[in-house]
Amino acid sequence: MSGPVDLLLITWNRLEYVQKTVDQLLRDPADFRLYFWDNASTDGTADLIASLDDPRIVQRHMSPENVKQREPSLWFFEQATSDLGGKIDDDILLPHGWTERVAPALRREARLGMVGCWVFMEEDWDDELAVANSVEMGGVRVLRSLSRAGQSFLARVEYLQRYIREPGSGHGFPVDQHAMSLDGLVNGTLVPPLFAHNMDDPRSEYCLMRRDATIGKHGALSAQVRGFQTPEEYLEWIRQDAHSKLVTPVESMIREARLRRDRSLLGRVRWKLHRAFHPNPKKG
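The rules we used
Residues numbered from 1 in each chain as written. Predicted model: local features only at pLDDT ≥ 70, side-chain atom pairs only at ≥ 80, totals over all residues. Heavy atoms only, no water. Buried < 20%, exposed > 50% of the residue type's maximum accessible area, 1.4 Å probe, protein only. Helix = DSSP H or I, 4+ residues; strand = E, 2+ residues; numbered from the N terminus. Pairing = 2+ DSSP bridges. Salt bridge = Lys/Arg side-chain N within 4 Å of Asp/Glu carboxyl O. Phe/Tyr/Trp six-rings, centres within 6.5 Å; stacked < 30°, edge-to-face > 60°. Contact = heavy atoms within 4.5 Å.

Peer 1: Help me out: how do you make sense of the pairing of strand E8 (residues 140-145) in this one?
Peer 2: If a strand is regular, its side chains alternate between the two faces of the sheet. Counting buried residues along E8, five of its six residues qualify, which places the element largely inside the surrounding structure. Inspection of the sheet shows strand E7 (residues 134-137) paired to E8 by four bridges, in the antiparallel sense. Note that in E8 the partner of Val135 across the bridge is Val142. Where E7 folds back on E8, the antiparallel hairpin that results is connected by two residues, among which Gly138 adopts a positive phi of roughly 60°. As paired strands, E8 and strand E10 (residues 186-191) are joined by five bridges and run antiparallel to one another.

Next up, the structure:
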């Protein structure tokens, strides 16, 4: 199958970011269909979305309240008509043509799960370090990861629907990538990477957190969830996370995920022993 892919963009009160994200997105000549969900924005974001004129925009849902990501995602999975769907965030500048590079590989190789862009800075990428975790699949090379960031990816819609998390499992993107990996699907980043620019990275010239040198109301959700107080703390975590994506063996992550999910008495004992000898140094 060929044809355009379907993309979901969820927005909420980030007008300065959304303006740049949408401008970059709609200047991409690639063939895709775009689904907007606005979570009751009050800063002009909803008005911006309503005013956009592009034939690739097929639906705009204006929610009366902020329902986070689960409800918009499930709505999108039902509305999507393409075999491939993906999500992009309202603070990401995507490279033109990224869908046209990712989509053919997903259609050729059924073992590929969620695959997309590198959402860290270019300086965080290292060709040599990426070799160990990379595999050839579907005519492309993929840096494998147990899970990948949801800001810019494509996947088969049937997989996204199959691996929906149970209700109450969090407010983020409701697809269980760990379960996908445990079932043998490969999530990750194309190699050579497609660089997506994260405006919430404190190194970005567009980062709103740089204005007051604190996380505050402008802070990225991932920074707020992990309790970081300053952009510097958040940046250190970003760098560690990027490095971990490059060097942590996927096989060891899969073994750890299996241990964590084994809720038998023996499994819980094994998990406690594992945590005692392999403490997680990352905050949050």
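Peer 1: I keep staring at the pattern of salt bridges and nothing clicks. Help me out?
Peer 2: Close approach of charged atoms lets side chains of opposite charge pair. If you walk through the whole model with that rule in mind, you get 17 salt bridges. A salt bridge links Glu251 to Arg144; the shortest N-O distance between them is 3.0 Å. Of this pair, Glu251 sits in helix H10 (residues 250-261) while Arg144 sits in strand E8, and the two are 107 residues apart along the sequence. For Arg144, a relative accessible area of 15% puts it in the buried group. If you follow the salt bridges from partner to partner, you end up with Glu123, Asp124, Asp201, Arg203 and Arg239 in one network.

Peer 1: Please explain the packing of aromatic side chains as it appears in this structure.
Peer 2: Working definition: an aromatic ring pair is given by the centre-to-centre distance plus the angle between the planes. Counting across every chain of the model gives eleven aromatic pairs. Judged by centre distance (6.2 Å) and plane angle (75°), the ring pair of Tyr35 and Trp75 falls under edge-to-face. Highlighted residues: Tyr35 in strand E2 (residues 32-39) and Trp75 in helix H3 (residues 70-79), separated in sequence by 40 residues. Looking at Tyr35, the relative accessible area reads 3%, which means it is buried. Judged by relative accessible area, Trp75 falls into the buried class, the value being 15%. The interplanar angle of 55° and the centroid separation of 6.2 Å between the aromatic rings of Phe76 and Phe77 together place this pair among those described as tilted. The pair formed by Phe76 and Phe77 is uniform in burial state, with each residue classed as buried. Among the aromatic residues, those joined into a cluster by ring pairs are Tyr35, Trp37, Trp75, Phe76, Phe77, Phe153 and Phe173.

Peer 1: Honestly, the environment of Arg101 in this entry has me stumped. Any pointers?
Peer 2: Inspection of the secondary structure puts Arg101 in helix H4 (residues 98-108). By relative accessible area, which is 29% here, Arg101 ends up partly exposed. Not counting the four nearest positions on each side in its chain, Arg101 is found in contact with Leu190, Val191, Pro192, Pro193 and Leu194.

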